[in-house]
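Chain by chain, the residues run as shown.
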Amino acid sequence: MEYINCVVDTKPMANELKSVSAHVTGTTTAVVAMQTAVIKADQDAADRVCSDVNRGFHALMSSQLSQKIAKLQSDVDSHLLRLNQQTKQLLNIRQQMERDYHRTAVRYGKTFNALNKELRQRVQELDQPVFRFATTEVETTRNRMTSLTATIPVSQAESVADSQRILTSKVKYHGMQVLEATRAFVEDMEEQRELTNRILLSNQKAESQTVYMPVVISEGSFEQGATAEAYCSRELLSEQNASDIRGELIQSCSSLSWRDGGMDAQVENEVNRLMSSSPVSERVRKTMEALMARARQYQIL
């Protein structure tokens, strides 16, 4: 077998392999950079997912808490409204019980006072001498020292003069008491005459008049039924008159018919006069004017 010696130039192949090695190195660098980018993207995606999950969980919890707070607030408001209604009912019951107690106390007070007087008279009739002694004789015995005229147990001229001076002093003292009683009686008569002249209307005739009094009537509807309450001024009326008026208004409340009367010109003028003469600030006065305008718009007054 023959051998043929030939020279093969590998330099181009080496150059190509060198360029391939450079490309492999670039590819390796690109792969490493891509792997780093992929890891960073995965980490960013995981962080974004965690943030979104946390935000969604927080929003869900906030929504649930808001719903529970709204439900509990509604329950509290309903309980508070029911408690206010029960408070008004209890106050109405208390006022009714006070009026009933007052009427019962007055009625039984008169009865017991009459019984006390009757029993006192009967007890005095049963043991009249003892009561006469306690009320009359004992008092006379106590006043004996001042009622009797003092005398000196001797009959000399000096004793007679002293006895006369003592008797004269006693007579003057009793005369002074009589004059003082007469003066008090005359002064009392003069005061009674002046008081009678002031009370009696000699130049006028008595006549009945109708007096208008502003009142406020409020009605409420509860689970137990409807209730009404009336309020009137106590500056011009006594406590008994105000109570009588309230009772009559409450009894006749069911027959009254509600209607819209609109704004009264006299009421508006009076309110404007009070606002102009009131020493309040300008802000308060403007607020009052705004409320009056709103009342006039919705016809509250």
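As the structure is a prediction and not an experimental result, all values here were calculated from the model.

For the protein chain, the count of helices and strands is 7 helices and 2 strands. The N-to-C order of helical and strand elements in the protein chain reads α-α-α-α-β-β-α-α-α. Counting only residues that meet the buried cut, the protein chain has 6% of its 301 residues in that class. For the protein chain, the proportion of contacts with a sequence separation of at least 24, taken over those separated by at least 6, is 40%.

What the rule picks out here adds up to 11 salt bridges. One salt bridge in this structure joins Arg103 and Asp100, with 2.3 Å as the shortest N-O distance. Here the residue Arg103 and the residue Asp100 both occupy positions in helix α1 (residues 11–126), the gap between them amounting to 3 residues, near one helical turn. Among the residues examined, Asp100 registers a relative accessible area of 30% and is labelled partly exposed.

In this section: helix α5 (residues 239–251). The terminal C-alpha atoms of α5, which comprises 13 residues, lie 18 Å apart, in line with the 18 Å expected from a rise of 1.5 Å per residue. Where α5 is concerned, the buried positions are Ala242, Arg246 and Leu249. Mapping the buried residues of α5 onto a view down its axis gives an arc of 65°, with all of them on the same face. Opposite its buried face, α5 presents the exposed residues Glu248 and Gln251, each directed more than 90 degrees away.

Averaged over every residue, the pLDDT of the protein chain is 78; residues scoring 70 or more account for 81%. Confidence, read as mean pLDDT per element, is least for helix α3 (residues 144–147) in the protein chain (58) and greatest for α1 (86).

With that out of the way, let us pick up a nonpolar patch on the surface. Taken together, Tyr108, Phe112, Leu115 and Leu119 make up a surface patch of nonpolar side chains, about 420 Å² in accessible area. Position of Tyr108 among the secondary structure elements: in helix α1.

Definitions and cut-offs
Note that residues are indexed from 1 along each chain, following the sequence as it is written. Under the rules for a predicted model, residues below a pLDDT of 70 receive no local features and side-chain atom pairs below 80 are neither given nor counted, while totals for whole chains, interfaces and linings still include all residues. Side-chain numbers here rest on the full set of heavy atoms in the structure, without hydrogens or water. The helix and strand labels rest on DSSP assignments: H or I over at least four residues marks a helix, E over at least two residues marks a strand, and numbering proceeds from the N terminus. Burial here depends on accessible area, computed with a 1.4 Å probe over protein chains only, as a share of the maximum for the residue type. Under 20% is buried, over 50% is exposed, and the range in between is partly exposed. Here, two residues are considered to be in contact whenever any of their heavy atoms come within 4.5 Å of each other. A carboxyl oxygen of Asp or Glu within 4 Å of a side-chain nitrogen of Lys or Arg is what we treat as a salt bridge. Multiplying one less than the number of residues by 1.5 Å gives the expected span of a helix. For this quantity, the arc is that covered by the directions from the helix axis to the C-beta atoms. Confidence of the predictor at the level of single residues is captured by pLDDT, which takes values from 0 to 100. Put simply, a patch holds well-exposed residues, over 30% relative accessible area, that have no salt bridge, with like charges counted together within 9 Å and Val, Leu, Ile, Met, Phe, Trp or Tyr side chains within 5 Å. Per-residue accessibility takes into account occlusion by the displayed protein chains alone, with areas from the Shrake-Rupley method and a 1.4 Å probe.

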